[in-house]
Amino acid sequence: MSSNAFVAGLSYISTIGIANHLGVEAFGEYSYILVIGLFFSQLVVFGSDETAIRRYLKNGSGITSSLLFFKITNFCLLAAAILLWVLWSGHDTLILALIVAAQGLSLNSAYEARGKNSTYARVYFFERLSFILLVWSQVWIFGEVSILKIVAALLISTVGSLIVQVWGHRSDLVEKKPTRSILPLWKDGVPLVMFSLSKYVYGGGTRVAIKIGIGYAALGGYSAAWQFVPIATLFLTQVAKIWRLGLTRAIHERNKSNFKALVARTCATILMPMALLGIAFFVLGSGLVNLIFSNEFSGALPLVPWISIYFVVIGFDVINSMLWVALGKVRAFSLIFCFFGSICALVLYLWRHEFGLIDFIKVAVAFHFMAVACSLAFLAPQLNRHFHSNP
């Protein structure tokens, strides 16, 4: 956890520095590349990190060969489609996004299945550290940095990390026919990737709509404000790990009294910090934005109150997600989020040219809140039915 927090902090500071060096419009373009790259990365992974672990636990056999082959196949298919699109449209920014998507080839789930999360944490630490050093060495030597050079640094650090990961799993690359695993992984990954993309709409999809509707400069300001969201997300990810196993066990054992106590503690350790963070950011956020970003990013200031509200929304989302997964009703949960994500994407697309930055963030926060509220409303009777049923 400490190494993850250190890397996250270092990456955050680096991103702020990159934003101020690039300026608001170039940072908007850089953010757009990252957002599209994240979308492509989800297509490369296609839910395999979750399904591969379940397959490992079920079969007790190695997953590295099939996982790597599956991701490389997806990446190659995606690369071919993107290259054809670039040749037809001339939209070469997608090539840079494809480089970002290469991070999806990571074997992190293979490390997790083997119980070597600490080993992967060290690999990831040096991957991020090398990227940051490569970027800022350009600033120190040449006094400037460009988007192309930043993406080149990302390519070098990603390829280096992948080589280390594959080498570390060389003894596991023994599955004779990994091609047999592709169709099951695609089939199992469909609901997972649909769910991931539905949640992607609120953060990534909104920024794509801003770029299309208003332009890179507006996206740069929006992305500057959005940089505070990953801080909350990192905290929530770590806290969720504390309670996830206990909640799952209490539901599995139908221990209602223990479940209620754990839910109360989970809410206290998630919602109270998020509420306090939201209040603090509401009061101090504008000053903080002015402090760490240049005057070019003044467009981020009106978004501060909505980011404050969003901290609480994602806090409820984490609790909601943990309970649905622990209950084993992931498909119903996914359908709810897919419905609201689809409506949100449609609204963003239809009004992309009429909306201002405030409108975009209002839509994202509102639809995410509705998705969480609706799924919690459906969850309550599901839990009640579960605890009153026979095992």
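It should be noted that the structure appears before, not after, this text.
These numbers come from a predicted model, not from an experiment. (Residues numbered from 1 in each chain as written. Predicted model: local features only at pLDDT ≥ 70, side-chain atom pairs only at ≥ 80, totals over all residues. Heavy atoms only, no water.)

Looking now at the overall build of the chain. Scanning the chain for helices and strands turns up 15 helices and 0 strands. By the compact-globule yardstick of 21 Å for 391 residues, the chain fits well, its C-alpha radius of gyration being 21 Å. With the C-alpha coordinates of the chain rotated into their principal frame, the extents come out at 65 × 55 × 40 Å. Out of the 391 residues belonging to the chain, those deemed buried represent 49%. At a minimum sequence separation of 6, the contacts of the chain that also span at least 24 residues come to 80%. Total accessible area on the chain is roughly 18,900 Å²; 69% of this is exposed by carbon and sulfur atoms. In the chain, 29 positive and 16 negative side-chain charges are present, and the distance between their average locations comes to 14 Å. (Helix = DSSP H or I, 4+ residues; strand = E, 2+ residues; numbered from the N terminus. Rg over C-alpha atoms; globule rule 2.2 N^0.38 Å. Buried < 20%, exposed > 50% of the residue type's maximum accessible area, 1.4 Å probe, protein only. Contact = heavy atoms within 4.5 Å. Areas by Shrake-Rupley, 256 points an atom, 1.4 Å probe, with all protein chains shown as cover. Lys, Arg positive; Asp, Glu negative; His and termini not counted. Charge placed at Lys NZ, Arg CZ, Asp CG, Glu CD.)

We now examine the packing of aromatic side chains. Overall, the coordinates contain 19 aromatic pairs when judged by the stated rule. Measuring from ring centre to ring centre gives 5.7 Å for Phe39 and Tyr200, while their planes differ by 45 degrees; the resulting arrangement is tilted. Remark: Tyr200 occurs in helix H9 (residues 182–213) and Phe39 occurs in helix H2 (residues 24–45); sequence separation between them is 161 residues. You can call Phe39 partly exposed: its relative accessible area is 28%. Summarising the aromatic geometry, the rings of Phe259 and Phe387 are spaced 5.0 Å apart at their centres and angled 45 degrees between planes, so their arrangement reads as tilted. One end of the pair, Phe259, is in helix H12 (residues 256–292); the other, Phe387, is in helix H15 (residues 357–388), with 128 residues separating them in the sequence. Ring pairs connect the aromatic residues Tyr12, Phe228, Phe281 and Phe311, which therefore count as one cluster. If you follow Lys211 out to its NZ or CZ, it ends over the ring of Tyr32, 4.9 Å from the centre. (Phe/Tyr/Trp six-rings, centres within 6.5 Å; stacked < 30°, edge-to-face > 60°. Lys NZ or Arg CZ within 6 Å of the ring centre and 35° of its normal.)

Mapped onto the fold, Asn384 is located in helix H15. For the pair Asn384 and Leu105, spaced 279 residues apart in the sequence, the C-alpha separation amounts to 41 Å.

Right, let's get into helix H11 (residues 229–252). Compared with the 34 Å implied by 1.5 Å per residue over 24 residues, the 33 Å span of H11 between its first and last C-alpha is a close match. Considering bend angle alone, the principal kink of H11 is centred on Trp243 and spans about 35 degrees. Three or more residues of H11 are buried, namely Val229, Ala232, Leu236, Gln238, Val239, Ala240, Trp243, Leu247, Ala250 and Ile251. (Expected span 1.5 Å × (residues − 1). Bend = angle between axes of the 7 residues up to and from the residue.)

Side chains of Leu276, Ile279, Phe282, Val283 and Leu284 sit close together on the surface and give an oily, nonpolar patch of about 560 Å² of accessible area. Relative to the assigned elements, Ile279 resides in helix H12. (Patch = residues over 30% accessible without salt bridge, like charges linked within 9 Å, V, L, I, M, F, W, Y side chains within 5 Å. Salt bridge = Lys/Arg side-chain N within 4 Å of Asp/Glu carboxyl O.)

Bringing the environment of Val190 into the picture now. Counting through the fold element by element, Val190 comes out in helix H9. Accessibility expressed as a relative area gives 36% for Val190, which makes it partly exposed. C-alpha of Val190 to C-alpha of Gly47: the two residues are 143 residues apart in sequence and 7.3 Å apart in space.

Located in the positive-phi region is Phe46, a residue other than glycine, with phi close to 50 degrees. Mapping Phe46 onto the fold places it in the loop between H2 and helix H3 (48–59). Among the residues examined, Phe46 registers a relative accessible area of 17% and is labelled buried.

Glancing now at the packing of H2 against helix H10 (residues 216–226). Where H2 contacts H10, the two axes come as close as 7 Å, and the packing angle between them is 75 degrees. In this view, H2 runs roughly perpendicular relative to H10, as classed from their interaxial angle. Across the interface between the two elements, Val24, Glu25, Phe27, Gly28, Glu29, Ser31 and Tyr32 from H2 touch Tyr216, Ala217, Leu219, Gly220, Gly221, Ser223 and Ala224 from H10. (Axes fitted to C-alpha atoms, helices over the stretch in contact; angles between N-to-C directions. Parallel < 35°, antiparallel > 145°, perpendicular 65-115°, else oblique.)

Before going further, it helps to examine the environment of Leu284. Summarising the element assignment, Leu284 is placed in helix H12. The class for Leu284 is exposed, based on a relative accessible area of 57%. A sequence separation of 20 residues divides Leu284 from Val304, and the C-alpha atoms of the two residues are 9.2 Å apart.

For the structure on display, the rule yields 0 disulfides. The cysteine Cys267 is free of any disulfide, with Cys374 supplying the nearest cysteine sulfur at 19 Å. Between Cys338, a cysteine without a disulfide, and Cys374, which holds the nearest cysteine sulfur, the sulfur-to-sulfur distance is 13 Å. (Disulfide = S-S within 2.5 Å.)

With that settled, the discussion passes to the pattern of salt bridges. This model, assessed by the stated rule, comprises 1 salt bridge. Two residues, Asp317 and Lys199, come together in a salt bridge whose shortest N-O distance is 2.9 Å. Of this pair, Asp317 sits in helix H13 (residues 304–327) while Lys199 sits in helix H9, and the two are 118 residues apart along the sequence.

The next point concerns the side chain of Ser161. Residue position: Ser161 is located in helix H8 (residues 147–168). Taking the relative accessible area as the measure of exposure, Ser161 reaches 5% and is therefore buried. Once residues lying within four places of it in the same chain are set aside, the contact partners of Ser161 are Val123 and Glu127.

Next up on the list: H2. With 22 residues, H2 extends 31 Å between its outermost C-alpha atoms, agreeing within 8% with the 32 Å of an ideal straight helix rising 1.5 Å per residue. Two residues or fewer after H2 comes Phe46, characterised by a positive phi angle close to 50 degrees.

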